[in-house]
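Observations on the model geometry
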Amino acid sequence: MKRQLTELLSLTGVHVKSQKQVDDILILEVESNSKKAVCPRCHKISSRLHQNHYSLIKDIPWGEKEVFLRVNRRQFKCEKCSLPFSEELNFVRKRQKHTVRYAQHITEQVVNSDLKSVAERNNLTESEVETMIK
Ligand SMILES: [Zn+2]
């Protein structure tokens, strides 16, 4: 089941650890396949896990279901410069609450419609839509 969900999700470099459904919302807990990350300061590869840091990230819907990813953006401690750093995830930018492909999904809708109706259809505010189409 988890392997199939990982395949369906089709996000490179992560796997689904668990899934939960609450009404029309599907929550998938995902984790990076890699046990290592690269320090952004000195570019040394580190495998010293410092902290787990979970957040809920909105992803594109599956049919009628809203999808949220429970993402563990792990903090590592660099073995060379000893400073903690957060791993890079290719599908969600830092400090954002939605995946890169969700922003693309919204942008495509705005191209064919307008801000107000896209916001309503996706249960977002107009300003949230604006930040995604930049
Ligand atoms: Zn470092």
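Conventions and cut-offs
- Residues numbered from 1 in each chain as written.
- Predicted model: local features only at pLDDT ≥ 70, side-chain atom pairs only at ≥ 80, totals over all residues.
- Heavy atoms only, no water.
- Phe/Tyr/Trp six-rings, centres within 6.5 Å; stacked < 30°, edge-to-face > 60°.
- Lys NZ or Arg CZ within 6 Å of the ring centre and 35° of its normal.
- Donors = N, O, S within 2.8 Å, 3.2 Å for Na, K, Ca; no water.
- Tetrahedral: all angles 85-135°; square planar, octahedral: opposite > 155°, others 65-115°.
- Helix = DSSP H or I, 4+ residues; strand = E, 2+ residues; numbered from the N terminus.
- Buried < 20%, exposed > 50% of the residue type's maximum accessible area, 1.4 Å probe, protein only.
- Salt bridge = Lys/Arg side-chain N within 4 Å of Asp/Glu carboxyl O.
- Pairing = 2+ DSSP bridges.
- Axes fitted to C-alpha atoms, helices over the stretch in contact; angles between N-to-C directions.
- Contact = heavy atoms within 4.5 Å.
- Domains from an automatic or database assignment.
- Buried area = accessible area lost by both parts, 1.4 Å probe.
- Polar contact = N/O pair within 3.5 Å; in protein donor to acceptor, adjacent residues only side chain to side chain.
- Nonpolar A, V, L, I, M, F, W, Y, C, P; charged D, E, K, R; others polar.

Here we come to the packing of aromatic side chains. For any pair of aromatic rings, the description consists of the separation of the ring centres together with the inter-plane angle of the planes. Per the counting criterion, the structure on display carries one aromatic pair. Aromatic side chains Phe 76 and Phe 85 sit 6.0 Å apart centroid to centroid with 25° between the ring planes, which places their arrangement in the stacked category. One residue, Arg 70, lies across the ring of Tyr 54, its end atom 4.0 Å from the ring centre.

A word on the coordination of the zinc ion. Octahedral metals with six donors have ideal donor angles of 90 or 180 degrees. Tetrahedral metals with four donors have an ideal donor angle of 109.5 degrees. Summarising the metal site, the zinc ion is bound by the protein donors Cys 39 (SG), Cys 42 (SG), Cys 78 (SG) and Cys 81 (SG), whose distances to it range over 2.3 Å. Geometry at the zinc ion is tetrahedral, judged from the four donor atoms that bind it and their angles of 98 to 126° at the metal. Sequence spacing among the residues donating to the zinc ion works out to C-x2-C-x35-C-x2-C. Here Cys 39 is found in the loop between β3 (37-38) and β4 (45-46), whereas its partner Cys 78 is found in the loop between β8 (75-77) and β9 (84-86), with 39 residues between them in sequence. Look at Cys 39 and you get buried, because its relative accessible area is 0%. You can call Cys 78 buried: its relative accessible area is 0%.

Another aspect to go through is the pattern of salt bridges. Taken as a whole, this structure holds seven salt bridges when the rule is applied. Residues Glu 29 and Arg 70 are paired through a salt bridge, measuring 3.6 Å at the closest nitrogen-oxygen approach. Residue Glu 29 is located in strand β2 (residues 25-32), and its partner Arg 70 is located in strand β7 (residues 65-72); the two are separated by 41 residues in the primary sequence.

Here we come to the sheet that holds β9. Read across the sheet, three strands follow the order β5-β8-β9 without closing on themselves; strand pairing throughout is antiparallel. Two strands bound the open sheet, and with one partner strand each, they are β5 (49-51) and β9. Here the average twist between neighbouring strands, direction ignored, is 40°. Bridging between β5 and β8 involves two bridges; their strand directions are antiparallel. If you follow Leu 49 over to β8, its bridge partner there is Phe 76.

Right, let's get into the environment of Leu 9. Among the structural elements, Leu 9 can be located in helix α1 (residues 2-9). Exposure remark for Leu 9: the relative accessible area of 2% places this residue in the buried category. Measuring from C-alpha to C-alpha, the distance between Leu 9 and Ala 119 comes to 24 Å, with 110 residues separating the pair along the chain. What Leu 9 contacts, discounting residues up to four positions off in sequence, is Val 16, Leu 28, Val 30, Asp 59, Trp 62, Leu 69 and Arg 101.

You can read the domains of the protein chain as domain 1 (2-98) and domain 2 (99-134). On the side of domain 2, nine residues touch domain 1, which itself brings 14 residues to the contact. Where domain 1 abuts domain 2, roughly 980 Å² becomes buried across the two surfaces, and 58% of that area is made up of carbon and sulfur atoms. It is Lys 58, Ile 60 and His 98 that lose the most area in domain 1 upon contact with domain 2, and together they represent 53% of the buried surface on that side. Taken together, the links from domain 1 to domain 2 amount to one salt bridge. Between Arg 101 and Asp 59 there is a salt bridge whose closest N-O contact spans 2.6 Å. Connecting domain 1 to domain 2 are five residue pairs in polar contact (both at pLDDT 80 or more). The element contributing the most residues to the side of domain 1 that touches domain 2 is strand β6 (residues 54-62), with five residues. Of the residues assigned to the side of domain 1 that touches domain 2, the class counts are eight nonpolar, three polar and three charged.

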